[in-house]
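Descriptive analysis of the structure
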Amino acid sequence: MKTKVVQYGAGKMSVYTMRYVYEKGGEIVGAIDVNPNIIGKDIGEIIGTENKGIKVVSNQEAEKLIRETKPDIVIVTTMSLISDVEDALMLCAKLGVNAITTCEEAFFPMNSNPTITKKLDELAKQNGCTITGSGYQDIYWGQLISSMAGSTQTIKKIKGSSSYNVEDYGIALAKAHGAGLTLEEFDKQVASVDRISDEERQAMIQKGEYLPSYMWNVNGWLCAKLGLTVISQTQKTVPQTYKEDIESSTLGMTVKAGDATGMSAVVTTETKEGITLETECIGKVYSKEDFDKNEWTIEGEPTTTLVINRPSTVELTCASVVNRIPDVINAKPGYVPTEEIGDLTFKQNI
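So, here's what we can say about the structure. (Residues numbered from 1 in each chain as written. Predicted model: local features only at pLDDT ≥ 70, side-chain atom pairs only at ≥ 80, totals over all residues. Heavy atoms only, no water.)

**Remarks on the packing of helix α6 (residues 136–149) against helix α10 (residues 214–226)**
- In the contact formed by α6 and α10, the axes pass within 10 Å of each other and the chain directions differ by 35 degrees. The element α6 and its partner α10 pack so that their crossing is right-handed. Taken together, the residues of α10 that come into contact with α6 (itself represented by Q137, D138, W141, G142, Q143, I145, S146 and A149) are Y214, M215, V218, W221, L222, K225 and L226. (Axes fitted to C-alpha atoms, helices over the stretch in contact; angles between N-to-C directions. Helix = DSSP H or I, 4+ residues; strand = E, 2+ residues; numbered from the N terminus. Left-handed = near helix turned anticlockwise from the far one by under 90°. Contact = heavy atoms within 4.5 Å.)

The structure is reproduced here in structure tokens:
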């Protein structure tokens, strides 16, 4: 029997996820999107193959489509915050259909939006399905680091850094990273958001109003995987600058030398076991010297550094999601982060 998959979000990521599903012996039985330019298209046109006889439908028809096609799993590749994918995931939980999403916050949403996570968990358990988040971070910010830790005798600190070019992800993300602002504007509009007390942050988290950087959830995942007890976690944003003017095609402007090309969001986690995690995501308009990089250091006995230069983030994200499909189908019901599902391995077939 072929694994039946519904693709929720038929944009850039789905070009890979849908192709990878077919290549691993699965079948796309439906596709959903909100973009009127994509609705009505055959998915073959999106992935660059012959027509598959599956047309993209609007999200208003999502429930009808999922009920009719009865997929084994839904792949959700839309937005980065759990509140943005809540409707899609709640629909899957309500219908008792497994779901996996590339939403970054969904990697470990219990430490940034426990209210939505609890709702999803309860409904998924009630209807016997599994909801999880996966993608690039599953290996490159998660499993690789826990594997390195497994070969370390004592750990004092885990330091991580991952950089990406905001030019690749559109104007909304570039602006959210403060690209193009003066340092004074950056301080007022971006950095000030995180100058809050632990109590204020906790209140925002409980209300579902906190905006976590990608590493906020990664630190939670790593602590859970390594059996560490979190005492405190903080986040601050730091502007990135460059010595010369840089042209930004996404922003349609020249970012002046010394102005913010983007930001680094640094998350620091203290644990009861005395191990500190200090991780950062750097998103900025790249200069000619810059390239995507993923760098992790475990400080202790011994100290080890792992560097991955120029990772193909989109393809790695999509392959991780598709290789995870059998794991999710076989997992216990509820909202289950991948640190509880076991290590991600290569699958010849899904």
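There is more to say after this.
**Quick word on helix α1 (residues 12–23)**
- Helix length check: α1 (twelve residues) gives 18 Å between terminal C-alpha atoms against 16 Å at 1.5 Å per residue, within 8%.
- Close packing links the buried residues of α1 with β1 (4–8), β2 (27–33), α2 (43–47), β4 (73–76) and α11 (313–330).
- The first or second residue beyond α1 is G25, which carries a positive phi of 85 degrees. (Expected span 1.5 Å × (residues − 1).)

**Topic: the packing of aromatic side chains**
- By the definition in use, this model includes six aromatic pairs.
- Ring centres 4.8 Å apart and planes at 15 degrees place the aromatic pair Y136 and Y140 in the stacked group. Highlighted residues: Y136 and Y140, both in helix α6, separated by four residues, approximately one helical turn. In this structure, Y136 and Y140 share a single accessibility class: buried.
- By way of ring pairs, the aromatic residues Y136, Y140 and W141 are connected into one cluster.
- Here the basic side chain of R310 rests over the ring of F291, its NZ or CZ set 3.8 Å away from the ring centre. (Phe/Tyr/Trp six-rings, centres within 6.5 Å; stacked < 30°, edge-to-face > 60°. Buried < 20%, exposed > 50% of the residue type's maximum accessible area, 1.4 Å probe, protein only. Lys NZ or Arg CZ within 6 Å of the ring centre and 35° of its normal.)

**Re the pattern of salt bridges**
- Under the defined criterion, the tally for this structure stands at 24 salt bridges.
- Where E278 meets K157, a salt bridge forms, and the shortest distance between an N and an O atom there is 3.3 Å. Highlighted residues: E278 in strand β12 (residues 276–284) and K157 in strand β7 (residues 154–165), separated in sequence by 121 residues.
- For K157, a relative accessible area of 22% corresponds to the partly exposed category.
- Between D194 and R201 there is a salt bridge, with the nearest N and O atoms lying 4.0 Å from each other. Here D194 matches R201 in class, with each residue buried. (Salt bridge = Lys/Arg side-chain N within 4 Å of Asp/Glu carboxyl O.)

**Observations concerning the sheet that holds strand β13 (residues 293–301)**
- Spatial ordering of the open sheet is given by β8-β11-β12-β7-β13-β14, a layout of six strands whose pairing is mixed. Each end of this open sheet is capped by a strand with a single partner; those strands are β8 (230–240) and β14 (304–309). Strand after strand, the sheet turns through a mean of 10 degrees between neighbouring axes, direction not considered.
- Alignment of strand β11 (residues 262–271) against β12, held across nine bridges, turns out to be antiparallel. Looking across to β12, one finds that V266 is bridged to E280. (Pairing = 2+ DSSP bridges.)

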